[in-house]
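Inside the fold
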Amino acid sequence: MDLLITALLIAVLFAILASGVWIGLALSGVAWIAMALFSARPAGDAMAVTIWGASSSWTLTALPLFVWMGEILFRTRLSEDMFKGLAPWLENVPGRLLHTNVIGCAIFAAVSGSSAATCATIGKMTIPELTRRGYPEDKIIGTLAGAGTLGLLIPPSIIMIVYGVSANVSIAQLFIAGIVPGLLLAALFSGYIVVWALGHPDAIPPATEKLTFMQKLHASRHLAQVGLLIVLVLGAVYSPWVTPTEAAAVGVLGALILSAAQGSLNRQTFIDSLMGATRLFCMIALILSGAQFLTLAMGYLGLPRHLAEWIASLGLSTAMLIAMLTVFFIVLGCFLDGISMVVLTMGVILPTVEKAGIDLIWFGIFIVLVVEMAQITPPVGFNLFVLQGMTSKQIPWIARVTVPMFLLIVAALVLIYAFPDLVLGLPRSMRAGG
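Keep in mind it's a predicted model, so treat the numbers as computed, not measured.

Our next topic: the overall build of the protein chain. Scanning the protein chain for helices and strands turns up 24 helices and 0 strands. Relative to the compact-globule value of 22 Å for 434 residues, the protein chain shows a C-alpha radius of gyration of 22 Å, a close match. For the protein chain, the C-alpha atoms occupy an extent of roughly 75 × 50 × 45 Å along the three principal directions. A buried classification covers 52% of the 434 residues belonging to the protein chain. Looking at the protein chain alone, contacts between residues at least 24 apart form 79% of all its contacts between residues at least 6 apart. Looking at the protein chain as shown, the accessible area adds up to about 18,000 Å², and 70% of this sits on carbon and sulfur atoms. Seen as two clouds, the 20 positive and the 19 negative side-chain charges of the protein chain have centres 6 Å apart.

Scanning all chains against the criterion turns up 5 aromatic pairs. These aromatic residues form a ring-pair network of at least three members: Trp 362, Phe 363, Phe 366 and Tyr 417. Over the aromatic face of Trp 397 sits the side chain of Lys 393, whose NZ or CZ is 5.0 Å from the ring centroid.

Each α-helix winds once per 3.6 residues, and so residues spaced three or four apart point in a common direction. Taken residue by residue, helix α21 (residues 382–391) has Asn 383, Leu 384, Val 386, Leu 387 and Thr 391 as its buried positions. Buried residues of α21 fall within an arc of 160° about the axis and therefore sit on the same side. Contacts from the buried residues of α21 go to α7 (115–132), α8 (137–148), α20 (360–375) and α22 (395–401). Downstream of α21 by one or two residues, Ser 392 has phi in the positive range, about 65°.

This part takes up unusual backbone geometry. A negative phi angle characterises most non-glycine residues, just as the trans form characterises most peptide bonds. The phi torsion at Arg 96 lies on the positive side, around 40°, for a residue other than glycine. Checked against the element boundaries, Arg 96 lands in the loop between α5 (78–86) and α6 (99–112). We note that Asn 168 has phi near 60°; this positive angle belongs to a residue other than glycine. Of note, Asn 168 is situated in the loop between α10 (158–167) and α11 (171–177).

This brings us to α7. If you check α7, its first and last C-alpha atoms are 25 Å apart, about what 18 residues at 1.5 Å a residue would give, namely 26 Å. Of all bends in α7, the biggest is about 40°, found at Gly 123. Burial analysis of α7 places 13 of its 18 residues in the buried class, which makes it a mostly covered element. Positioned one or two residues after α7, Gly 134 has a phi angle of 95°, which is positive.

Our next topic: the side chain of Ser 157. With respect to the helices, strands and loops of the structure, Ser 157 is situated in the loop between α9 (150–153) and α10. Here Leu 152 takes part through its backbone oxygen, which lies 2.4 Å from a polar atom of the side chain of Ser 157. Among residues more than four places away in sequence, those in contact with Ser 157 are Gly 113, Gly 151, Leu 152 and Phe 175.

A word on the pattern of salt bridges. According to the stated counting rule, one finds 2 salt bridges in the structure shown. A salt bridge links Lys 393 to Glu 137, with the shortest nitrogen-to-oxygen separation between them at 3.1 Å. In this pair, Lys 393 sits in the loop between α21 and α22 while Glu 137 sits in helix α8, placing the two residues 256 residues apart along the sequence. Looking at Glu 137, the relative accessible area reads 38%, which means it is partly exposed. With its nearest N and O atoms 3.2 Å apart, the salt bridge here joins Asp 421 to Arg 428.

Cut-offs and rules
In this convention, every chain numbers its residues from 1, walking through the sequence in written order. With the structure being a predicted model, the display of local features is reserved for residues of pLDDT at least 70 and the display and counting of side-chain atom pairs for 80 or more, all residues being used for whole-chain, interface and lining totals. The basis for every side-chain value is the complete set of heavy atoms in the structure, and neither hydrogens nor water enter the calculation. Numbering goes from the N terminus for both helices and strands, where a helix is a DSSP run of H or I of at least four residues and a strand is a run of E of at least two. The reference for a compact globule is 2.2 Å times residues^0.38; the radius of gyration itself is calculated from the C-alpha atoms. Exposure categories follow from relative accessible area, calculated using a 1.4 Å probe and restricted to protein chains: below 20% of the type maximum is buried, above 50% is exposed, and the middle band is partly exposed. Residue contacts are defined here by distance: any two heavy atoms, one from each residue, within 4.5 Å place the two residues in contact. All accessibility values rest on the Shrake-Rupley procedure with a 1.4 Å probe; residue burial counts only the protein chains present in the view. Neither His nor the chain ends contribute to the count of charged residues, in which Lys and Arg are positive and Asp and Glu negative. To locate a charge, take atom NZ for lysine, CZ for arginine, CG for aspartate or CD for glutamate. Stacked, edge-to-face and tilted are the three classes for Phe, Tyr and Trp ring pairs, Trp counted by its six-membered ring, which pair at centre distances within 6.5 Å; planes under 30 degrees apart are stacked, over 60 edge-to-face, the rest tilted. Two conditions define a charge sitting above a ring: the NZ of Lys or the CZ of Arg must be within 6 Å of the ring centre, and it must be within 35 degrees of the ring normal. It is the directions from the helix axis to the C-beta atoms whose arc is reported. Helices are assigned an expected span. That span is 1.5 Å times one less than the residue count. What is called the bend at a residue is the angle between a pair of axes, fitted to the seven residues leading up to and ending at it and to the seven starting from it. A 3.5 Å cut-off defines polar contacts: any pair of N or O atoms within that distance qualifies, except that in protein one atom must be a possible hydrogen donor and the other a possible acceptor, and neighbouring residues in sequence count only when both atoms are side-chain atoms. A pair is scored as a salt bridge if a Lys or Arg side-chain nitrogen falls within 4 Å of a carboxyl oxygen belonging to Asp or Glu.

Below, the structure written as structure tokens:
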């Protein structure tokens, strides 16, 4: 019976999504149907209480602030300065300026929190420049699509905030747990570029100019402002006196001051950044509210408990459970965006994960990695959409040139499973220090 109800609700959800209804409304609609048909509690009362609770979380306040900070950087000259500071140091590295995609995304990720914003911002700088210099188009776009996902893993991260609220775990500890895996994944991406460039030396254009060490150092001045903002935000996040929400406010204030100081902030960019952040957060908040209502409905039906009992009855080892969840999220990521995946599944998955003895901080980083895969898998891959809009290439072509990056994220998953201290080492030190 539970299996039949679950199948019915999933069918209704996909039918509503296929009709073009917003994801948040689709989730609320399925929850309403579930409560009305299979629960004695009035659906309207349950929806009002749940949506108010989901919308009034103080922790969630950090989300629109980090989104706004990314929007400010996206629309001002801070992002352009980053490319000018990075490029001179990469002329002698195999792959040369292709590495600007990875390093630029890693740096911007540390002040953005959004994969799409990271991909779009760095892409605006690197795609025209690398194309003009004669770098292979497939490698420019493939490495950018993969590296853009670092916006989710390197803190601050929007998806980590959503997971932390859903799983009731420390957002600050999630942030610090993402640092080493984020740097590891960036290293894997750059390592791939090096190996590919060594195997295809004729595909990489020759160095355009030879700069002395002092000239490179002089060019690095363009990184100073973005570096200062990163130090401000991360220093605030890991301070014992500042909450993630207050750290996000520090980031917004810092972005406004720095962009104003360099003269790239005006009335129009301020309004555009504020409206862009408002639109994006309203979409996220609607999805979160709908998913919380659906989670409540599923709880009344007992589906999470029954699913957890069923998976537990399979007697899966921890490795098999993680493998099963990885496949599940990859498939789900073909149809839903990352935030929807997290809030829609956590109520069902977390009891099983806790019963298996998996650390919820480690599981949060695992979730971020599989959501990163979802960002570059068609048909609903946000980074693919961003790059399609920027390059006019077809989604299947962009997805194909991104396959190596997808496989490297799988490799990162294997590494954090084999060596969990890559994730848990820094949070453990943070707790010990606190």
